[in-house]
Amino acid sequence: MRVVRNTVIGVQGEIAEKSLLMTRGLTPLKGRLRCFVVDRMGDYLHDFDWGPYRPTNGASMIAMAVALQPSRLIIGGIDLFQHPEGSYPGDQRTVNAYTPAHTLDKELAFLFSHLDRFDGEIIIVGEVLERAWRNHQRADGTVKATVE
């Protein structure tokens, strides 16, 4: 959040917003800060039975993107902590797993509940999420995604 310029940054809630403002809000040389807080945009994160868990940032951004209903949705960088090269290519120290606040089953159910409501074209870049989405579609009897 400190380096990125000329983009709109989305965060889940007030705590992340405060962190963003502390890291970017006081650095006018990096350009104008444009951001949104998903919690203030609607109930996209809370109209789901999370139990003790919560969505990852990636899942939150997909929910927000679906809510905007563009004609095409391109999703990349979501590997569900299952990429064979780990969390970050070349980094063997960072654990490639969900933190205790998240779970794969809830994450997938949340993502699919939003993607199922999307009317446009879905392009998924990355085989882990694309494979999970295709399996979900087969079980559901629909086919929407193309892989890049």
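Residues numbered from 1 in each chain as written. Predicted model: local features only at pLDDT ≥ 70, side-chain atom pairs only at ≥ 80, totals over all residues. Heavy atoms only, no water.

1. A look at the packing of aromatic side chains
- For the coordinates displayed, the defined rule picks out five aromatic pairs.
- When the ring of F48 is compared with that of F110, the centres are 5.4 Å apart and the planes differ by 75°; the resulting orientation is edge-to-face. Pair noted here: F48 is in the loop between α2 (38-41) and α3 (57-68) and F110 is in helix α4 (residues 104-115), with a separation of 62 residues, a long-range link. Here the two residues F48 and F110 agree in accessibility, since each one is buried.
- Put simply, the rings of F48, W50 and F110 pair up and form one aromatic cluster. (Phe/Tyr/Trp six-rings, centres within 6.5 Å; stacked < 30°, edge-to-face > 60°. Helix = DSSP H or I, 4+ residues; strand = E, 2+ residues; numbered from the N terminus. Buried < 20%, exposed > 50% of the residue type's maximum accessible area, 1.4 Å probe, protein only.)

2. Topic: the side chain of E107
- Structurally, E107 is set in helix α4.
- One buried charged residue, E107, remains without a salt bridge, the closest side chain of opposite sign being R54 at 8.9 Å.
- A polar side-chain atom of E107 sits 2.3 Å from a polar atom in the side chain of T56.
- Excluding anything up to four places from it in sequence, E107 contacts W50, P55, T56, A59, L80 and Y98. (Lys, Arg positive; Asp, Glu negative; His and termini not counted. Salt bridge = Lys/Arg side-chain N within 4 Å of Asp/Glu carboxyl O. Polar contact = N/O pair within 3.5 Å; in protein donor to acceptor, adjacent residues only side chain to side chain. Contact = heavy atoms within 4.5 Å.)

3. Focus: the packing of α4 against helix α5 (residues 127-140)
- Packing of α4 against α5 brings their axes to within 11 Å, and their N-to-C directions diverge by 65°. By the criterion of interaxial angle, the relationship of α4 to α5 is roughly perpendicular. Of the two possible hands of crossing, α4 and α5 adopt the one that is right-handed. Mapping the contact onto sequence places L108, L111, F112 and L115 in α4 and L129, A132, W133 and H136 in α5.
- By residue class, the composition of the contact of α4 with α5 is seven nonpolar, one polar and no charged. (Axes fitted to C-alpha atoms, helices over the stretch in contact; angles between N-to-C directions. Parallel < 35°, antiparallel > 145°, perpendicular 65-115°, else oblique. Left-handed = near helix turned anticlockwise from the far one by under 90°. Nonpolar A, V, L, I, M, F, W, Y, C, P; charged D, E, K, R; others polar.)

4. Considering the nonpolar core
- The biggest cluster of nonpolar side chains holds 27 residues, and the ones touching the most others in it are I75, L80, L115 and L129.
- Elements with a contribution of two residues or more to this core: α3, β3 (72-76), α4, β4 (121-125) and α5.
- Tallying contributions element by element places α3 first for this core, with six residues.
- For I75, the contacting residues outside a window of four places in its chain are I62, L115, I122, I123, I124, V125 and L129. (Core = buried A, V, L, I, M, F, W, Y, C linked by side-chain atoms within 4.5 Å.)

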